[in-house]
Amino acid sequence: MNRARLLVFNAALPVLDYRVPDGMIVEPGSIVVAPLGPRQVLGIVWEDERLPGTEVPDSKLRPLLEVMPVPPLPAPLRRLIEWTADYYCAPMAAVARMAIGSMAALRGGGTMTEYRLTGMEPKRLTPQRAAAMDALDGEQATIRELAERASVSEGVLRGMVGAGLLEPVVVDLDRPYPRARADHAQPQLSEDQQAAADRFVAAVDKGKFAPFLLDGVTGSGKTETYFEAVAEALRLGRQVLVLLPEIALTENFLRRFEARFGVPPVLWHSSLKSTERRRAWRAIVRGEAQVVVGARSALFMPYAKLGLIVVDEAHEVSFKQDDGVRYNARDVAVMRAKFEKVPVILASATPALESMQLAEAGVYEKIDLPARFGGATMPDIQIVDLRTEQPERGHWLAPRLVKELKLRLERGEQSLLFLNRRGYAPLTLCRNCGHRFQCPNCTAWLVEHRLSRRLACHHCGYETQPPEACPECHTADCLVACGPGVERIADEVREILPEARVALVTSDTLNNPAKINEFVEAAENRMIDVIVGTQLVTKGYHFPELTLVGVVDADLGLEGGDLRAGERTYQQIAQVAGRAGRGEKPGKVLIQTRHPEAPVIEALASGDRDSFYAAEAEARRDAMAPPFGRWAAIIVSSEEEAEAREAARQIGGARPDLPDVLILGPAPAPLSLLRGRYRYRLLINARRSAELQDVIRAWLDPLRFSHGVRVAVDIDPYSFV
Ligand code: ADP
Ligand code: ZN
């Protein structure tokens, strides 16, 4: 009798046993189809002893239906799935699903049909078709994806196929990717770079778990250096995974990768079109995708022969996923490297305190690149005290910053103004009655976006048009914008420097690869004088003519009482400062603040990173905060306020009383309403030695809640709202 234990993609029944019919061959990791009641489910064959299962007698077992024609998920990945589910208190099925990535890809390769414009230009078009023609220029995708991109119905596009405006293109899902060449364009490394590269290359050769912290100042050539490790993996025929914190950075990375290796890498992220998803996933499992670059979802792919993992900008908070499985991709990447027995490189100019601590403890090997490449110097950083150097009324840029901007324009050099706030103004109110525009679904103000003429919620995506009159007192033309967003700063620049060419860089304006490329090319070709941007421009970019960086409001990130606020502010400002003076001309950075005495501002001004990290570490040690103690959050939510409150009270009432564990709350979350759900939070602070996850499981597992209640556990949380 041949039994198989399955991890099935069904949260209610995650583990089921089946009979393997005669002639069917399965092994641990095989992806199979099984009957479940009248339906079918997908599952992964798992080792019996690792998955507590059922005691159903053999005679009662139903047979498996089919094995998917893809290689079994490798053992190191199965161990990673188990570890992630256990560590983050998440359902194993939810973690395993991240490894599948594309359900459609399981069915095999073959072909799919995409559509593109034929180039025919009819004399008359309906407005919808005309809009679609504009939107779809240069695009090729399935009808559904094109409809989404062009914001028209699929029916409109089918009509266009019939009229000969769109034509089908058959796409081979298994067409190979061009081969990267390890020695396509090898740079001449500096001495420091070479020493670092040698360490990485040796580790790749050795093929053992080896975690590195690559700590190099901005412009030191971290990318060039870890590319040598990538090259070595290519020579050995091993796959490489490069994780980037956000998709917006991939375009820049692709260009650099192609310059070094001759072809672009394989991309993986959540907004890939379906054919590319299938093609990439299938190439990954067969070991044919040589280098995969992606956002955090690339981490759980079933690489057939991984040889190296790189996490670039490893300090970035966006590696932490805050819904679904709440994992930190930086930490899971290290675990994956451990299970795969390969080196992992965490690269950053401003490493997370947690990573520094692990390096100090000797867990990570720290590799330093202390100087910029090619003799470029670090920028001169100055503080602008907004209490004494006040901007003009209704303006946000202090006279000294304005003077420096003018100077750059005269010299033909570029400037960058950084403010981490999208839109025109973060708050709109009525001059007459004081009414404030609030999101109906969230505890948040609506942000005015003047370019798109919208009031928008940055939490849930709710949008509305600014009304002509106040909805409360009905006075016309009485709305005032309070505070600045980047759009407003861009307006101010246009006012003080009318002849300057200003580029606004936010996720609203740079929302696709073509626009990102256009921006990078314009900046490189000196078609832009002043860049005004959010955190999107703080990292990754290298514009040699950029010699001035202005931080519009350094205090923004310090509000809100987040325990990592100081560290995060330091990282963000050090990163954006790092964009200045990367070429031959020296850079200058002006930081506008009302708190020049704050430790983080002083550290930035003096460039004394080490003592800042030391002070932060001390404060964390006192507060028993990570990495010295451990945190976890429990977030309770429901569409009914009373239901959420009751569930929170129930959890609070069942709290364990343990010497090593301090439990705060439940209390209404700072974002007490989010996407229409009322929220309560508890924060758990424990000693490192405490078995935090076991405590939480023993606490929550016996509790039963009303149907509409969701209880999420967030281990090592980054968000406290
Ligand atoms: P970081 O990521 O450390 O900020 P980059 O990798 O972006 O630095 O390098 C900064 C700039 O210097 C890039 O334009 C890069 O191409 C260039 N550079 C770095 N090292 C070398 C090298 N050895 N040879 C040629 N150019 C280099
Ligand atoms: Zn909202």
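Residues numbered from 1 in each chain as written. Chains lettered and ligands numbered in written order. Predicted model: local features only at pLDDT ≥ 70, side-chain atom pairs only at ≥ 80, totals over all residues. Heavy atoms only, no water.

**Q** How should I be thinking about the overall build of the chain in this particular structure?
**A** Each helix and strand counted, the chain has 19 helices and 29 strands in total. A compact globule built from 721 residues would reach a C-alpha radius of gyration of about 27 Å, and the chain, at 27 Å, matches this within 12%. Along the longest, intermediate and shortest principal axes, the C-alpha atoms of the chain span 85 × 70 × 65 Å. In the chain, buried positions account for 54% of the 721 residues. (Helix = DSSP H or I, 4+ residues; strand = E, 2+ residues; numbered from the N terminus. Rg over C-alpha atoms; globule rule 2.2 N^0.38 Å. Buried < 20%, exposed > 50% of the residue type's maximum accessible area, 1.4 Å probe, protein only.)

**Q** Would you mind going over the domain arrangement of the chain with me for this structure?
**A** Interface size is commonly expressed as the accessible area that is lost once the parts come together. Split by domain assignment, the chain resolves into domain 1 (3-99), domain 2 (111-172), domain 3 (191-373), domain 4 (376-421 + 484-616) and domain 5 (629-715). One C-alpha centre belongs to domain 1, the other to domain 5, and the line joining them spans 30 Å. Opposite the five residues of domain 1 that make contact, domain 5 presents five residues. For the pair domain 1 and domain 5, the summed buried area comes to about 460 Å², and 52% of that belongs to carbon and sulfur atoms. Considering only the side of domain 1, the residues that lose the most area to domain 5 are Y87, Y88 and C89, jointly responsible for 83% of the buried surface there. Scanning the region where domain 1 abuts domain 5 turns up one salt bridge. Note that D86 is salt-bridged to R697, the shortest N-O span being 3.1 Å. Counting the contacts that link domain 1 with domain 5 gives three residue pairs in polar contact (both at pLDDT 80 or more). Its residues assigned to classes, the side of domain 1 that touches domain 5 shows four nonpolar, no polar and one charged. (Domains from an automatic or database assignment. Contact = heavy atoms within 4.5 Å. Buried area = accessible area lost by both parts, 1.4 Å probe. Salt bridge = Lys/Arg side-chain N within 4 Å of Asp/Glu carboxyl O. Polar contact = N/O pair within 3.5 Å; in protein donor to acceptor, adjacent residues only side chain to side chain. Nonpolar A, V, L, I, M, F, W, Y, C, P; charged D, E, K, R; others polar.)

**Q** Help me understand the site of ligand 1, please; the structure alone is not making it clear to me.
**A** Taken together, 16 residues sit near ligand 1, with Q188, G219, K222, E224 and R256 positioned nearest. Separating an oxygen atom of ligand 1 from a side-chain N or O atom of K222 is a distance of 2.8 Å. No other element matches the three residues that helix α7 (residues 222-235) contributes to the shell around ligand 1. Residues of the shell around ligand 1, tallied by class, amount to four nonpolar, eight polar and four charged. (Near = heavy atom within 4 Å.)

**Q** I keep staring at the coordination of the zinc ion (ligand 2) and nothing clicks. Help me out?
**A** Put simply, the ideal angle at a metal is 109.5 degrees for four donors in tetrahedral geometry and 90 or 180 degrees for six donors in octahedral geometry. Around the zinc ion (ligand 2), the protein contributes the donor atoms C439 (SG), C442 (SG), C457 (SG) and C460 (SG), at 2.3 to 2.4 Å from the metal centre. For the zinc ion (ligand 2), the four donor atoms in the first shell make angles of 104 to 115° at the metal, so the coordination geometry reads as tetrahedral. In the primary structure, the donors to the zinc ion (ligand 2) are separated according to the pattern C-x2-C-x14-C-x2-C. (Donors = N, O, S within 2.8 Å, 3.2 Å for Na, K, Ca; no water. Tetrahedral: all angles 85-135°; square planar, octahedral: opposite > 155°, others 65-115°.)

**Q** Just to check I follow, could you spell out helix α18 (residues 641-653) for this structure?
**A** Since the α-helix turns once every 3.6 residues, residues separated by three or four places project in the same direction. In this model α18 runs 18 Å from its N-terminal to its C-terminal C-alpha over 13 residues, within 8% of the 18 Å that 1.5 Å per residue would give. Every buried residue belonging to α18 is among A644, A647, A648, I651 and G652, and all of these are buried. For α18, the buried positions fall inside an angular range of 140° around the axis, keeping them on one side. Looking at α18, the residues exposed on the side facing more than 90 degrees away from the buried face are R649 and G653. Looking at the buried side of α18, the elements it contacts are β26 (629-638), β27 (661-674), β28 (677-687), α19 (692-700) and β29 (710-715). (Expected span 1.5 Å × (residues − 1). Arc of directions from axis to C-beta.)

**Q** When you look at helix α15 (residues 565-577) in this model, what are you seeing that I'm missing?
**A** The end-to-end C-alpha distance of α15, which contains 13 residues, comes to 18 Å, matching closely the 18 Å that a straight helix rising 1.5 Å per residue would cover. Taking burial as the measure, the 13 residues of α15 include 11 buried ones, the bulk of the element. Those residues of α15 not exposed but buried are A565, G566, E567, T569, Y570, Q571, I573, A574, Q575, V576 and A577.

**Q** Is there a simple way to explain the sheet that holds strand β23 (residues 530-533) in this structure?
**A** Hydrogen bonds between backbone atoms are what pair the strands of a sheet, whose relative direction is either parallel or antiparallel. A sheet is described by the order of its strands in space; here six strands give the open sequence β15-β25-β24-β16-β23-β22, paired in parallel fashion. Each edge of the sheet is formed by a strand with only one pairing partner; in this case those strands are β15 (380-385) and β22 (502-505). Within this sheet the neighbouring strands show an average axis-to-axis angle of 20°, counted without direction. Both strand β16 (residues 414-418) and strand β24 (residues 546-551) contribute to a ladder of five bridges, which runs parallel. When the sheet's bridge partners are listed, S415 is paired in β24 with L548. Sheet contacts for α15: β15, β16, β24 and β25 (588-593); angle to β24, the most-contacted strand, approximately 155°. (Pairing = 2+ DSSP bridges. Axes fitted to C-alpha atoms, helices over the stretch in contact; angles between N-to-C directions.)

**Q** Help me out: how do you make sense of the side chain of R5 in this one?
**A** Locating R5 in the fold gives a position in strand β1 (residues 3-8). Of the polar contacts made by the side chain of R5, one reaches the backbone oxygen of L51; its length is 2.8 Å.

**Q** Help me understand the pattern of salt bridges in this model?
**A** One side chain can pair with another of opposite charge once the charged atoms of both are near each other. Tallying each qualifying case throughout the model produces 56 salt bridges. Residues R260 and E228 are paired through a salt bridge, measuring 3.0 Å at the closest nitrogen-oxygen approach. Of this pair, R260 sits in helix α8 (residues 250-261) while E228 is found in helix α7, placing the two residues 32 residues apart along the sequence. Neither R260 nor E228 differs from the other in exposure class; each is buried. A salt bridge links D714 to K320, with the nearest nitrogen and oxygen atoms 2.7 Å apart. Residue D714 is located in strand β29, and its partner K320 is located in the loop between β12 (306-312) and α10 (329-340); the two are separated by 394 residues in the primary sequence.

**Q** Can you walk me through the sheet that holds strand β20 (residues 463-464) in this structure?
**A** Spatially, three strands are ordered β18-β19-β20 in an open sheet, and the strand pairing comes out antiparallel. Only two strands of the sheet have a single neighbouring strand rather than two, namely β18 (447-449) and β20. Note that strand β19 (residues 454-456) and β20 share two bridges and pair antiparallel. Bridge assignment links L455 to a residue of β20, and that residue is T464.

**Q** Mind showing me how you'd approach the packing of aromatic side chains here?
**A** Given two aromatic rings, one states the distance between the centres and the angle between the planes to describe the pair. Considering all chains together, one arrives at 18 aromatic pairs under this definition. Pairing F300 with Y327 gives two aromatic rings, centres 5.2 Å apart and planes at 90°, and the pair type is edge-to-face. In this pair, F300 sits in the loop between β11 (291-294) and β12 while Y327 sits in the loop between β12 and α10, placing the two residues 27 residues apart along the sequence. For Y327, a relative accessible area of 1% translates into the label buried. Considering the side-chain rings of Y570 and Y613, the 6.2 Å spacing of their centres and the 75° angle between planes classify their relative orientation as edge-to-face. With Y570 in helix α15 and Y613 in helix α17 (residues 609-622), the pair connects residues that are 43 residues apart, well separated along the chain. Of the two residues, Y570 and Y613, both sit in the buried class. If you follow R279 out to its NZ or CZ, it ends over the ring of Y177, 3.9 Å from the centre. Across the ring face of Y718, the terminal group of R564 is positioned such that the distance to the ring centre comes to 3.8 Å. (Phe/Tyr/Trp six-rings, centres within 6.5 Å; stacked < 30°, edge-to-face > 60°. Lys NZ or Arg CZ within 6 Å of the ring centre and 35° of its normal.)

**Q** Can you help me understand unusual backbone geometry in this one?
**A** Peptide bonds are, in most cases, trans, and in most cases residues other than glycine have a negative phi. The omega torsion of the bond from P626 to P627 falls at 5°, within 30 degrees of zero and hence cis. One can find P627 in the loop between α17 and β26. Omega for the bond connecting G665 with P666 falls within 30 degrees of zero, at 10°, which places this linkage in the cis form. Looking at the element boundaries, P666 is found in strand β27. Even without being a glycine, R526 presents a positive backbone phi close to 55°. Topologically, R526 is positioned in the loop between α14 (513-524) and β23.

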